[in-house]
Protein chains: 2
Amino acid sequence: MSINDAQDPSAQELLSLPRLAPLVPMLYVAWTDGELTPEELRALGAAARAQPWLDLRSSAVLAQWLDPLSPPTPRALAQVREHIRRTAERLSTSNQQSLAELGAQLAELLGGKDALPAPMQELARTLAPMETALGLSGVEAVRSLLPASGHRREAPVSQASFHVDALRTVLERTYTAERAQVRQWLREPAFRHADERDTAAYRARVFSWLEQLSERGLGKLAYPDDLTKVDLGAFIAAFETLAYFDLSLVVKVGVNFGLFGGSIYFLGTERHHREVLPKVASLELPGCFAMSELGHGSNVRDVETVARYDAGTGEFVVHTPSETARKEWIGNAAQHARMATVFAQLEVNGERHGVHALLVPLRDEKGRLLPGVRVEDCGLKMGLNGVDNGRLWFDQVRVPRENLLDRFAQVSAEGEYTSTITSASKRFFTMLGTLVAGRVSVACGGLSATKSGLAIAIAYGDQRRQFGPAGADEVRLLDYQTHQLKLLRPLATTYALDFALKYLVKRYVGRTEADAMEVEALAAGLKAYATWQTTRTLQVAREACGGQGYLVANRLPSLKADTDVFTTFEGDNTVLMQLVAKSLLTGYRQQFADDRVFTVMRFIVERASGALSDRNPFQVRRTGSEHLRDGDFQLRALRFREADLLASAARRLRKRLGTGMDSFQAFNQVQDHLLTLAHAHVQRVVLEQFLAGVEQVEDPAVKAVLGRLCDLYGLGCLMDASGWFLENEHIESGKAKAIRKEVSRLCTEVRPDAVALIQAFGIPDACLDAPIGLGHLSP
Amino acid sequence: MSINDAQDPSAQELLSLPRLAPLVPMLYVAWTDGELTPEELRALGAAARAQPWLDLRSSAVLAQWLDPLSPPTPRALAQVREHIRRTAERLSTSNQQSLAELGAQLAELLGGKDALPAPMQELARTLAPMETALGLSGVEAVRSLLPASGHRREAPVSQASFHVDALRTVLERTYTAERAQVRQWLREPAFRHADERDTAAYRARVFSWLEQLSERGLGKLAYPDDLTKVDLGAFIAAFETLAYFDLSLVVKVGVNFGLFGGSIYFLGTERHHREVLPKVASLELPGCFAMSELGHGSNVRDVETVARYDAGTGEFVVHTPSETARKEWIGNAAQHARMATVFAQLEVNGERHGVHALLVPLRDEKGRLLPGVRVEDCGLKMGLNGVDNGRLWFDQVRVPRENLLDRFAQVSAEGEYTSTITSASKRFFTMLGTLVAGRVSVACGGLSATKSGLAIAIAYGDQRRQFGPAGADEVRLLDYQTHQLKLLRPLATTYALDFALKYLVKRYVGRTEADAMEVEALAAGLKAYATWQTTRTLQVAREACGGQGYLVANRLPSLKADTDVFTTFEGDNTVLMQLVAKSLLTGYRQQFADDRVFTVMRFIVERASGALSDRNPFQVRRTGSEHLRDGDFQLRALRFREADLLASAARRLRKRLGTGMDSFQAFNQVQDHLLTLAHAHVQRVVLEQFLAGVEQVEDPAVKAVLGRLCDLYGLGCLMDASGWFLENEHIESGKAKAIRKEVSRLCTEVRPDAVALIQAFGIPDACLDAPIGLGHLSP
């Protein structure tokens, strides 16, 4: 049974009248798409019947067709649509701007020009107001009626504006050989993502990966035989590259070589370096870093574990005096570590000397626990279940005097305590310096995870289509404005952080006693900022992939779960940001985590005043694209913000301290202000480094795309803080709007390069391994 | 060997000179805590030696003690500290404001008033500038030296300002019996959290829970025998309460009763209600809701699955024509569903009629797949692994004509298609209305998960201490300003949403054809806003618990992972927010998801202009607490923002459409603006409902605490949007600052009630089951 076999009488009647032909498309759409009220249908009928060219018969049929009380049947409507479609196939063009124009053209096709009641152009002009008044106008209405094939508009395949390899060379300019080496290791078939549900099997596999990497020389990368050649930057680059693969493995590597090895390297002396470090590097002696305690996570200065020196036997007695003193969250402790660097209150001759580190064997060569050592598994975690985190208790465990890591403080056989650092506070922070490399590494590892997540979400957004203009292909997600803002702004931040973290590594590797505090603050701030970005970006990436992003097979769940703890381990981000703020207030000079003798005497308000004079009426109003895209303008704005926040924080603190409030309470009252200051500071540093990095790029195409990303980052920072800038009259309303507009525009400009920009990360395909993202990354 | 046995000569010398006694504390601190530069040490020495009361001997010893080149030994410093401590034990007070004052008092104790070089007060005044200049001043320095016991300050146990039960009564004022019923069920020992790693076992357990709840009457709560008594509000309240327990179970309940049962109830007719619905309610017939397809997640209007009517046999032939047409993410499909409501393009006589729903059996009574049906498991997910999500393919599967859910469209035996709704678009959205209950439920379920997460984090923050003023107990996390801002603002939002979602349920239950569109938009907006809040709040809660929050045992990982998909399922939040914006632009009238004939003729700009006149210079500047805490002020500000954003969005769209840009592109160019508008709209609705709800509370103490939370919510919204308000000159800088300050102040005021506020949620202890949170919730 075909359509024509059972012609609906009302459709038949309508289609048989030449004078109604121009109205047919409008009538169809009025009933099927417009959802018109009865009043509107009546009004349409009245308007149509007022047309002088309608005869009586046509008027009567039209009235029937527009009777709100007797709508046409679905069959009648289907036949009308079929009629329109068939006739339209003979149209030569498809750029009709209204239903009326379409109707007129169709009528002409059917009956010839003479059959038309009036010249086509004029007719369309007469009818157009009717459809407009009813909200039926627009090219979409026309497209919805015409065969799709004639109107398909395929988005052109985007062509990147630069060579992917050229950008990749820029990203891998430091420690190039080490990065390539790790990539080569990861290409081996053993390094494939494992099922993470069976904790025992997963841990065993992660340990076996660790063994294979150690055999290939990963440990020696950190601690070469010739220790004068140590360059932890190489190790951090390896860590960063490994983070494209399994994050449990990365943390395991970090615990063994970074924290355990690092504590021996930094806090130990020649004896430890000679006897222990080579075994750490070869993984002959897996170890752990036992600092945190149940009751003392951020505040490690107050750990309770005691190491009492017994001069009678020449041993330290390590003891856990209470339940809150148990060592908590110790990576590698539950299963594999044979030795621990234990942080404990050193007690010599009844006198406490503060927190010191010493080596305590945990297990024998067969992995059996030694006497006095108790271990408990921390249990299932949100992620990183390939890492065996454990709790440790020591019951009067004795270790030789030589096990004290004695670079900064020594205990003689007779029980004489000596230290070159008289200040217990300074001694504590010097020993804590071990943690800095860990913070740098975590920030870099988190950035790799961010890159993986963005690569998956951008590859998916570039392929996936959903919704679109009528009659055309659905639109790629990444062509939607909100999708661009969601993903391309984090992409810009990721590039910005790539430059900033390379700067951090350089500063860390080249640090001296003079700038050690500043480097520590820099590491604290960038660790916090980068890992918060990681969490936020992976969340956005997951949502941008919809249900696909929720599937474990597409890797985003593991990336999210594994990195979630990055914001609170190796220093809680909120605590770290407060340290940054305090170090700014004291010009990096005072031990910044030490509140006890904290002083606000040293506020470098003068430093602020220079930047503060930058507020001039001209700048406040300029909105030109050239001005906004001037890195110098962006940087000056961020510097102004930082300086002003620093000065106002100092003022607020001074006011409180002046009234006799204790410093703890005073700081608590301006804590949020301090976090804002720290955030502003880090953003300024990041933009500064991004700008400096772009400046040095030689390839003009790469320089151009990085420049756009840099503008997107810089203006994005200004946009996010526009409330502050408006409040402080550094910009005017028009400028805030212009910045927002420029950010959107930059997203549109970066969009065609989006896929190439994630390809340039050079994430090994086997590592990425997400069905929705694959096939897009190897350029 | 005690300290006195081996007196260090330099310490002995220092402590033997009465004239140096007042300087001893300062000397000790200068070496141990101040980290002074050599220059500062020399300056201190010079200043001290200039004191007229120092004799030659004292001056010489002092010079030795301040020689930067020969610092005191640790032993000497330890002995000095011990000396100070012992002497200080005899002090009657401990309120010394400076090291100098302490030194003077100690000197007096040792040698009597006569031994002092000058009267104590005067001496302290002379010395104080020295320590101040070096940043050694402050009570902390004193406290760090004195025995801790004398200075312990225990924070008073916080006393709530209201009766927990009274507030709980307010929160449970709707569907009280149903909530109590579900709580009673959850108290049974079967309902305890299960290990989620073994997917098969977990699914079996979830299904067994579902069976037990069905036996007890959960299904009948949704579909009682007398269908005239259906009140889905009761079911939603049950759903919300179940969400305190296992979220896989909740989703399973939602799929079976909400989506599958709901599709039959809403789209079916008497025959389906009589024959199928009772079996759904009893779980005799587990089912699923097969709408989404791989290629058609958000854009379900374009699903490809076909249901072709074969008049010869009186059957529909259901078929999956391509790989992108496979049904994707279908809950209950992989394992338990025996029937599916399948959404397919209905084809009758070669004519397509758009998306319709029909019942398709999947498995026989023994659970074996029926011919032509292919199922694949979606595989491991981030969370909700107790739900068996599957993919479905149909290969020419035949079902009787009666299986069409034919409330809105019918196909006669002969193949005549009829529908009371002529507009395909309207028909589609009418059928999609089934999803509204799902969206309401997801928002409510997400809110319960938010409450659980906040309860854990707030209980932990109330107990956990870290850092603190010198010599005093460490401070509870929740007494830190940033911690309060982190957790108490989301707490206020959670209370706000409790009121707003109860309003939504009421509107949903009482909806008519006239306001159906408005209720749909309300559900879309609140679902998006509430589930984003859930994701954000649980992230904050996890971070606020540090490493403890990362442990699966403490439930936050499951809460996060299970709810993460809430932002993209049952309607992607970004898509839903755009629908909200479009519905505002068209006054809820046009089918708001239908872009094709979208018109901007109907912008209700007049509606905006009333609110816009609200901008007056007086309001713009007022900063008093009373004014800021006036809900009317907050609401007017949010209304102004909404109206202004609506008007400007309309202007921007009209401008683009006026130049002939197609509506799809025009909308894409203002997409971000539309999201901001939708967000502003939802916040306004939420505040409105919170204010209205508080107004009706009778208990004065409960009313007062809810009023504070309401202010915190309202002012928090204004604070977050302060950039916008400044840009639009609705507030001035001073007011923006005042709002920020008031938000902090409100947090401080809410702090003592925090624990009682989470107790009032009435989350069953066994459900919460997080070691770090337990013991705090039963009031």
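Residues numbered from 1 in each chain as written. Chains lettered and ligands numbered in written order. Predicted model: local features only at pLDDT ≥ 70, side-chain atom pairs only at ≥ 80, totals over all residues.

**Q** Tell me about the overall build of chain A, and name the residues and values.
**A** Of the regular secondary structure elements, chain A holds 34 helices and 11 strands. Residue burial in chain A is summarised as follows: out of 779 residues, 56% are buried. The long-range fraction of contacts in chain A, counting pairs at least 24 apart against all pairs at least 6 apart in sequence, stands at 75%. (Helix = DSSP H or I, 4+ residues; strand = E, 2+ residues; numbered from the N terminus. Buried ≥ 20, exposed ≤ 12 C-beta atoms within 10 Å, placed from the backbone. Contact = placed C-beta atoms within 7 Å.)

**Q** An account of the sheet that holds strand β7 (residues 373-377) of chain A is needed here, citing residue identities and associated values.
**A** Residues and elements named next belong to chain A. If you walk across this open sheet you meet the 3 strands as β4-β8-β7, and the pairing is antiparallel. The open sheet terminates on both sides in strands that have one partner only, identified here as β4 (327-330) and β7. Across the sheet, the mean angle separating the axes of adjacent strands is 25 degrees when strand polarity is ignored. Taken together, the 5 bridges between β7 and strand β8 (residues 390-394) define a ladder with antiparallel strand orientation. What sits directly across from valine 373, in β8, is phenylalanine 394. (Pairing = 2+ DSSP bridges. Axes fitted to C-alpha atoms, helices over the stretch in contact; angles between N-to-C directions.)

**Q** Could you give me a rundown of the UniProt feature "domain: Acyl-CoA dehydrogenase/oxidase N-terminal" (unreviewed entry) in chain A, with the residues and numbers involved?
**A** Under the UniProt annotation, "domain: Acyl-CoA dehydrogenase/oxidase N-terminal" (unreviewed entry) lies at residues 179-283 of chain A. Across residues 179-283 of chain A one finds 70% helix and 0% strand; the C-alpha atoms that close the span lie 21 Å apart. (UniProt positions renumbered as here; feature names shortened; annotations may be inferred.)

**Q** Any chance you could break down the confidence of the model for chain A for me, citing the residues and the numbers?
**A** With 88% of its residues at a pLDDT of 70 or more, chain A has an overall mean of 88. Here the predicted complex scores 0.85 on pTM and 0.84 on ipTM. (pLDDT = per-residue confidence, 0-100.)

**Q** Give a detailed account of the packing of helix α18 (residues 434-463) of chain A against helix α20 (residues 516-544) of chain A, specifying residues and quantitative values.
**A** Residue and element names in this part refer to chain A. Orientation of α18 relative to α20, taken along the N-to-C sense of each, is 20 degrees, at an axis distance of 8 Å. As summarised for this structure, α18 and α20 are arranged roughly parallel, according to the angle between their axes. The two elements α18 and α20 cross, and the hand of that crossing is left-handed. A per-class count over the contact of α18 with α20 returns 16 nonpolar, 8 polar and 3 charged. (Parallel < 35°, antiparallel > 145°, perpendicular 65-115°, else oblique. Left-handed = near helix turned anticlockwise from the far one by under 90°. Nonpolar A, V, L, I, M, F, W, Y, C, P; charged D, E, K, R; others polar.)

**Q** Account for the packing of helix α19 (residues 481-509) of chain B against helix α20 (residues 516-544) of chain B, naming residues and giving values.
**A** Residues and elements named next belong to chain B. In contact at an axis separation of 10 Å, α19 and α20 are set at 155 degrees when each is read in the N-to-C sense. Judged on the interaxial angle alone, α20 and α19 are roughly antiparallel. Pair α19 / α20 crosses with left-handed handedness. Residues His483, Lys486, Leu487, Pro490, Thr493, Leu497, Ala500, Leu501, Leu504, Arg507 and Tyr508 of α19 pack against Val519, Leu522, Ala523, Leu526, Ala530, Gln533, Thr537, Val540 and Ala544 of α20.

**Q** Lay out the nonpolar core in plain terms, naming residues and giving numbers.
**A** With 417 residues, the main nonpolar core has Ile456 and Ile458 of chain A together with Ile456 of chain B as its most contacted residues. Setting aside anything within four residues of it in sequence, one finds isoleucine 458 of chain A in contact with Leu478, Leu487, Leu491, Ala754, Val755 and Ile758 of chain A. (Core = buried A, V, L, I, M, F, W, Y, C linked by C-beta atoms within 7 Å.)

**Q** I'd love a proper account of helix α4 (residues 56-65) of chain A, names of residues and values included.
**A** All names here are of chain A. Among all positions of α4, only Ser58, Leu62 and Trp65 are buried. Buried residues of α4 fall within an arc of 60 degrees about the axis and therefore sit on the same side. For α4, the elements touching its buried residues are α1 (9-16), α2 (24-32) and α3 (38-49). (Arc of directions from axis to C-beta.)

**Q** Could you give an account of the pairing of strand β1 (residues 287-290) of chain B, naming the residues involved and the relevant values?
**A** Residues and elements named next belong to chain B. Side chains Gly287 and Phe289 project from β1 onto one buried face, and the interleaved Cys288 and Ala290 project onto a second face that is buried too. Where β1 meets strand β5 (residues 339-348), 4 bridges bridge the pair, whose relative direction is parallel. Each residue of the ladder has a partner; that of cysteine 288, found in β5, is alanine 340.

**Q** Lay out the sheet that holds strand β8 (residues 390-394) of chain B in plain terms, naming residues and giving numbers.
**A** All names here are of chain B. Here 3 strands make up an open sheet; going across it, the order is β4-β8-β7 and the pairing antiparallel. Strands with a single pairing partner mark the edges of an open sheet, and in this sheet they are β4 (327-330) and β7 (373-377). The average angle at which neighbouring strand axes cross in this sheet is 25 degrees, direction not considered.

**Q** Break down the environment of leucine 106 of chain B for me, citing the residues and quoting the values.
**A** Residues and elements named next belong to chain B. One can find leucine 106 in helix α6 (residues 99-111). With 21 residues separating them along the chain, leucine 106 and arginine 85 place their C-alpha atoms 9.9 Å apart. Leaving out residues up to four positions away in the same chain, leucine 106 has contacts with Ala21, Val24, Pro25, Ile84, Thr87 and Ala88.

**Q** Outline unusual backbone geometry, listing residues and values.
**A** One non-glycine residue, phenylalanine 467 of chain A, adopts positive backbone phi at about 60 degrees. Judged by C-beta crowding, with 18 C-beta atoms within 10 Å, phenylalanine 467 of chain A ranks as partly exposed. In this structure, glutamine 396 of chain B is a non-glycine residue whose phi angle is positive, near 50 degrees. With respect to the element layout, glutamine 396 of chain B can be found in the loop between β8 and β9 (397-400). For glutamine 396 of chain B, a count of 12 C-beta atoms within 10 Å gives the class exposed.

**Q** Can you explain the environment of leucine 556 of chain A? Please cite residues and give values.
**A** Residue and element names in this part refer to chain A. Mapped onto the secondary structure, leucine 556 falls in helix α22 (residues 556-563). Classification of leucine 556 by C-beta neighbours within 10 Å gives buried; the count is 30. Among all residues touching leucine 556, those that are not within four sequence positions of it are Gly453, Ile456, Leu538, Ala541, Arg542, Cys545 and Gly549.

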